[in-house]
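Spelled out, the chains give:
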Amino acid sequence: MAEKRAPDHLVIQKVMKNYGGSEPALKSVSLNVRKGEFLALLGPSGCGKTTLLKIIAGLEKATEGQMALAGEGLDAIPTYKRDIGIVFQSYALFPHMTVDANIRFGLDMRGIKGDEADQRIAEVLELVKLEGLSGRMPNALSGGQQQRVALARALVIRPKLLLLDEPLSNLDAVLRKSVRVDIRELHERIGLTTVMVTHDQEEAMSMADRVAVMANGYVLQHDTPETIYEHPASAFVATFVGSPPAILLPVEKTPDGYGIGGTAFMPSKTLSVAIDLQNGKPVLLGLRSDRLSFADQAGPLTITGEVHSSEYIGGSWLVHVALGEHRIAVPTRAKPPQFGEAVHIRIDEAETLLFDPDTGAKVALP
Amino acid sequence: MNKRALMLLLPALILSGIVFLLPFLWLFVTSFRVQGEGSLLMAEGFSAANYARLVSDSYFAEVFFRTMWMSAAATVISLVIALPMARQIAVSAGRAKGLLLALILVPLVSGALLPTLGMLHLLGPLGVINSILKDFGLTTKSVKFLGTVPGVIIGLVQAFLPLMLLPLVNALSRLPKDVEAAAETLGAPTHIVWRRVILPLVAPGIIAGSVLVFCASLTSFVTPQILGQGKIATFGTMAYQQASLVLDWPFASAVAVVMLAILALGLAVGSLALKLLARRPA
Ligand SMILES: Nc1ncnc2c1ncn2[C@@H]1O[C@H](COP(=O)(O)OP(=O)(O)OP(=O)(O)O)[C@@H](O)[C@H]1O
Ligand SMILES: [Mg+2]
């Protein structure tokens, strides 16, 4: 990339966290977040996302590892001196204080009073579009409004870093889409370095500059949404990210070539070399539906299967093809073939993903 | 309330009428009679003589104020001791929490007598506390707890601490998730988190616990009787003395009525505080 890289703002090195259970919640996490960047921590439930966020904010202590924010080691700094704004999944507004008092709290702690405080509160209220609600109690606000108060409360202290823990998960589907755009716009306007936790891959891919995919206490891949989608580092990332996510099909060697679930698969020269290099071990072929099409006849880079069913999805069809016990959906604009008919699916070599079935690691093409 | 509900409630209403209201009514009426001169029978007619005696005799005023301030002291000390304990119980998980709560309840269900007799051994001149104080060289002579005001206050705190703990544990367990963490990340050190977030949110529990401990201390009899060893007169011991030793039932009744009035006042102040709290603007 030609653009100049911003310097690292938050650096996390080999952070491990054990709550005392048999397995640590975080095994070894290393991450860097650049200044002004929007990073999404993406992973399934229970993979340690909230734990990592709490460790960054100082609310939990890492068992091992170091962190630095703006070049300064964080380990010896208590939470209340870290200048890190956080929006909790539950919002955690102070229920006994008005919206104004909630937002003013952080300013009070910094000794900011009077006109300056009033002005800054008015500023953030405008930023989150909540003017006129400053006298309300939190329980008199809708979920979306509460979420924006929580955001305003975190922003008003002008933190060095903003942490968002599943900020959209308590909102309904429609609101979620619009708040997604709002948060992204806000980020572009004020350029605050932001780490957002989510288990929704669509949310992560559409909002973040870079995404860190987590599973089981590890970061599996940390890159731009495009790279993660096009070049997933492992089988897990490929199946977790993208709509539709990738489907994994085991490729076996047959007497007359290669097959998937007992049906014929004709790889290209490069692919067959890569498969053969695995010394007879089966390889997982990762395919995304939206990149598949039908071919008129069998040939290199085709898989032959049988039509199982088809569904009309408005303007086009999705044809479900059976490859032995496996199923794969192929989009087509033409009239779909009949049930039981043999069809040839064309795959694109440049977009083909191969993974080791044991480790899930990516198999490089020669 | 509809008719059906009233019918269903009727037996309970009649029972509480007989068991609670009638004795109170009788107490109230009796307090306006006087003992016949040189007789165990009550004289004819009604008068406010008992109340006049309570107000005019400085001995009774002394007992009144002593009981009040000892109860207040027991309340404040209970609160100070109970807050950290309740916090610890509230944040502990699963089985530990159940066990700790059960331990709190033991003194409540065992009655006042047994624990107070235990305190007698702890606080006596040759008791555990004095021998510890001597072992550590903090004192050479035994400290006198029994028959002193501090001794009785210690006993009251011991007896009524659960009444403070239970509402506090309840309130602290219901603190909304993450509000303390939010305050901390906004720049509040621990003591400010307590003052501005935790305490205001558990205020209803503090009020409830304080009213309970205050009222229980005010009316207690066993603790001041045993630990005070007859030297510390309170409302409870005074009413007992008048009724069982002096055999002046009308006067004992007047003492009891005053005690009840203060109790009602305490409850009223508590619920007023709760109401004000609920509608406080900021
Ligand atoms: N306070 C705690 N004590 C013990 N174990 C904990 C604690 N908090 C979290 N864990 C465990 O650590 C692991 C990671 O939890 P964490 O809350 O970080 O997951 P998450 O990725 O945020 O999940 P979700 O998407 O469901 O919020 C889980 O297995 C969880 O049970
Ligand atoms: Mg979480």
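Residues numbered from 1 in each chain as written. Chains lettered and ligands numbered in written order. Predicted model: local features only at pLDDT ≥ 70, side-chain atom pairs only at ≥ 80, totals over all residues. Heavy atoms only, no water.

Enquirer: Could you clarify how one ought to interpret the overall build of chain A in this entry?
Expert: Scanning chain A from terminus to terminus reveals 9 helices and 20 strands. If one aligns the C-alpha atoms of chain A with their principal axes, the spans along those axes are about 80 × 45 × 45 Å. Residues classed as buried in chain A amount to 49% of the 366 residues present. In chain A, the proportion of contacts linking residues at least 24 apart, taken out of those at least 6 apart, comes to 66%. (Helix = DSSP H or I, 4+ residues; strand = E, 2+ residues; numbered from the N terminus. Buried < 20%, exposed > 50% of the residue type's maximum accessible area, 1.4 Å probe, protein only. Contact = heavy atoms within 4.5 Å.)

Enquirer: Honestly, the domain arrangement of chain A in this entry has me stumped. Any pointers?
Expert: By a widespread convention, an interface's size corresponds to the accessible area lost as its parts come together. Residues and elements named next belong to chain A. When cut into domains, chain A gives domain 1 (8-234) and domain 2 (247-355). Across the boundary between the two partners, domain 1 contributes 5 residues, which contact 5 residues of domain 2. Viewed at the interface, domain 2 and domain 1 are joined by 1 salt bridge. For E230, the salt bridge goes to R291, with nearest N and O atoms at 3.5 Å. Where domain 1 touches domain 2, the interface holds 3 residue pairs in polar contact (both at pLDDT 80 or more). Considered class by class, the residues forming the side of domain 1 that touches domain 2 number 3 nonpolar, 1 polar and 1 charged. (Domains from an automatic or database assignment. Salt bridge = Lys/Arg side-chain N within 4 Å of Asp/Glu carboxyl O. Polar contact = N/O pair within 3.5 Å; in protein donor to acceptor, adjacent residues only side chain to side chain. Nonpolar A, V, L, I, M, F, W, Y, C, P; charged D, E, K, R; others polar.)

Enquirer: What is the right way to read the environment of V63(B) from this model?
Expert: All names here are of chain B. With respect to the helices, strands and loops of the structure, V63 is situated in helix 3 (residues 58-91). Separated by 170 residues in the primary sequence, V63 and A233 place their C-alpha atoms 6.1 Å from one another. Those residues in contact with V63, other than ones at most four positions away along the chain, are A233, T234, F235 and M238.

Enquirer: Explain the pattern of salt bridges here, please?
Expert: Opposite charge on two side chains makes pairing possible when the charged atoms of those side chains draw close. Residues and elements named next belong to chain A. Per the stated rule, a full pass over the model turns up 19 salt bridges over all chains. One salt bridge connects R110 with D83, and the closest N-O pair in it is separated by 2.7 Å. Highlighted residues: R110 in the loop between helix 2 (99-109) and helix 3 (114-127) and D83 in the loop between strand 5 (72-73) and strand 6 (84-87), separated in sequence by 27 residues. Residue class for R110 comes out partly exposed when judged on its relative accessible area of 28%. What you see here is one network of salt bridges that share partners, running through D100, R104 and D118.

Enquirer: Teacher, can you tell me more about the environment of T185(B) here?
Expert: With respect to the secondary-structure elements, T185(B) resides in helix 8 (residues 179-185). Sequence-wise, T185(B) and G266(B) are 81 residues apart; in three dimensions their C-alpha atoms are separated by 39 Å. The contacts of T185(B), once residues within four sequence positions are left out, are A57(A), L59(A), T79(A), I84(A), I86(A) and I157(A).

Enquirer: How do you make sense of the interface of chain B and chain A when you look at a structure like this?
Expert: Across the contact, 21 residues belong to chain B and 24 residues belong to chain A. Both faces combined, the contact of chain B with chain A buries some 1,900 Å², and carbon together with sulfur accounts for 68% of it. Taken together, the links from chain B to chain A amount to 1 salt bridge. Here D108(A) ties to R196(B) by a salt bridge, and the two come within 3.1 Å at their closest N and O atoms. At the junction of chain B with chain A, the criterion picks out 4 residue pairs in polar contact (both at pLDDT 80 or more). Among the secondary structure elements, those contributing two or more residues to the side of chain B that touches chain A are helix 8 and helix 9 (190-219) of chain B. Each residue belonging to the side of chain B that touches chain A can be placed in one class, and the counts come to 14 nonpolar, 2 polar and 5 charged. (Buried area = accessible area lost by both parts, 1.4 Å probe.)

Enquirer: Before we go on, may I ask you to explain the site of ligand 1 in this structure?
Expert: All names here are of chain A. Around ligand 1, the neighbouring residues are Y19, A25, S45, G46, C47, G48, K49, T50, T51 and E166. At 2.6 Å from an oxygen atom of ligand 1 is found a side-chain nitrogen or oxygen belonging to T50. T51 is positioned with one of its side-chain polar atoms (N or O) 2.5 Å from an oxygen atom of ligand 1. Class assignment of the residues belonging to the shell around ligand 1 gives a composition of 3 nonpolar, 5 polar and 2 charged. (Near = heavy atom within 4 Å.)

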